[in-house]
Amino acid sequence: MARAENKTTAGGTAHLVATLAKARREQMGLSQEQLGKEMGFTGSAVSAMETCAQPASDQMLVKLKEVIGGELAPVFEEARKWMLLEKYPKRFRGFADMEAKAVTICSYQTHVVDGLFQTDGYARALIGGSYPPVSEEKREELVEARIARRRLLDRAPAPMIELILEESVLRRPFGSWEILRGQLRSLAEDARRDNVCVQVLPMDRGLRGAYAGDRGPMQLVVTEEHQHVVYMEIEDQSLLISEPVEVSQLTHRYAKIRAQALSPDDSLDLIERLAGEER
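Just so we're clear, the structure is a prediction, and the values are computed from it rather than from any experiment. (Residues numbered from 1 in each chain as written. Predicted model: local features only at pLDDT ≥ 70, side-chain atom pairs only at ≥ 80, totals over all residues. Heavy atoms only, no water.)

1. Comments concerning the overall build of the protein chain
Scanning the protein chain from N- to C-terminus turns up 13 helices and six strands. Seen along its three principal axes, the alpha-carbon backbone of the protein chain occupies a region of about 70 × 45 × 35 Å. Taken across its 279 residues, the protein chain has 46% of its residues classed as buried. Of the contacts made within the protein chain by residues no fewer than 6 positions apart, 73% connect residues no fewer than 24 positions apart. Entry remark: accessible area of the protein chain is about 14,300 Å², with carbon and sulfur atoms responsible for 53%. Across the protein chain, the 37 positively charged side chains and the 43 negatively charged ones have centroids separated by 2 Å. (Helix = DSSP H or I, 4+ residues; strand = E, 2+ residues; numbered from the N terminus. Buried < 20%, exposed > 50% of the residue type's maximum accessible area, 1.4 Å probe, protein only. Contact = heavy atoms within 4.5 Å. Areas by Shrake-Rupley, 256 points an atom, 1.4 Å probe, with all protein chains shown as cover. Lys, Arg positive; Asp, Glu negative; His and termini not counted. Charge placed at Lys NZ, Arg CZ, Asp CG, Glu CD.)

2. Examining the pairing of strand S5 (residues 228-234)
Relative to S5, strand S4 (residues 218-222) runs antiparallel, the two being bridged by four bridges. Note that in S5 the partner of Val 221 across the bridge is Val 229. The turn joining S4 and S5, which pair antiparallel and follow one another in sequence, is formed by five residues; a positive phi near 65 degrees is taken by His 226. Bridge count between S5 and strand S6 (residues 237-241): five bridges; the pairing is antiparallel. Residue pairing in the sheet places Tyr 231 in a bridge with Leu 240 of S6. Between S5 and the antiparallel strand that follows it, S6, lie two residues; Glu 235 among them carries a positive phi value of about 50 degrees. (Pairing = 2+ DSSP bridges.)

3. Quick notes on the sheet that holds strand S2 (residues 160-166)
Within the open sheet, the six strands sit side by side as S3-S2-S1-S4-S5-S6. Their pairing is mixed. Each end of this open sheet is capped by a strand with a single partner; those strands are strand S3 (196-201) and S6. If you compare each strand with its neighbour and ignore which way they point, the axes differ by 15 degrees on average. Against the sheet, helix H12 (residues 244-260) makes contact with strand S1 (104-109), S2, S3, S4, S5 and S6, and its axis sits at roughly 115 degrees relative to S4, the strand it touches most. (Axes fitted to C-alpha atoms, helices over the stretch in contact; angles between N-to-C directions.)

Structure representation (structure tokens):
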């Protein structure tokens with residue numbers, strides 16, 4: 001069922017890759033089985049790619065470039081970026097490209113770890129357990145696209161990234177406690193990057209009479225053109241705000257949330273302590 005759906009929902013890049021790969025394969029006199037063998041895939045996987053029943057994964061695009069690329073090698077390489085964008089949910093695609101080129105990203109998350117920092121295991125458990133459920137093939141596509149976002153962390157020039165998490169996020173397991181511990185260990189490693197700052201908003205913050213995070217998660221971005229925007233998601237709906245007055249108000253709210261959070265050092269100590277706890 002998922003593959004039949006893909007044939008009608010696959011994006012323009014998937015169809016372009018399928019057409020070019022099939023034409024190139026036939027030009028070289030290769031069967032689907034032969035091409036699959038040379039790339040380390042099955043013939044049925046090649047067939048699924050050519051019909052868009054299962055659009056090419058990033059790994060397959062790399063192999064297409066190596067095995068049959070030739071003069072099409074630059075096309076297959078460029079397609080890697082656009083193919084990943086097409087695998088994101090439609091509501092996220094526009095922001096994903098903006099995020100990848102951002103100068104600054106400030107993220108406040110209340111329920112789960114920001115997708116930019118998720119591990120493979122955490123993302124797979126989270127997506128696999130969501131509702132409505134997705135097929136195994138779709139889940140793997142979404143996981144691949146989400147993990148690819150981590151390239152931003154190593155981009156040159158490096159963006160400045162701030163992440164504020166509710167303490168409850170650090171305590172909420174998906175899949176297993178070991179998956180959560182792995183996620184926390186990865187988060188601690190990321191927090192030590194020179195261009196990353198991670199802070200935790202304590203669960204008991206409201207006992208002090210002031211709690212600025214009650215309106216939910218948001219992401220503040222400074223684009224490559226140095227435009228300030230805010231991105232928010234709720235119940236599969238997205239909102240991108242660029243109106244200066246609204247952005248300014250949300251920026252002030254984010255600043256208040258950051259001021260109420262633990263310091264980066266204390267936050268890292270808490271993350272490492274929770275990562276070491278056995279349950």
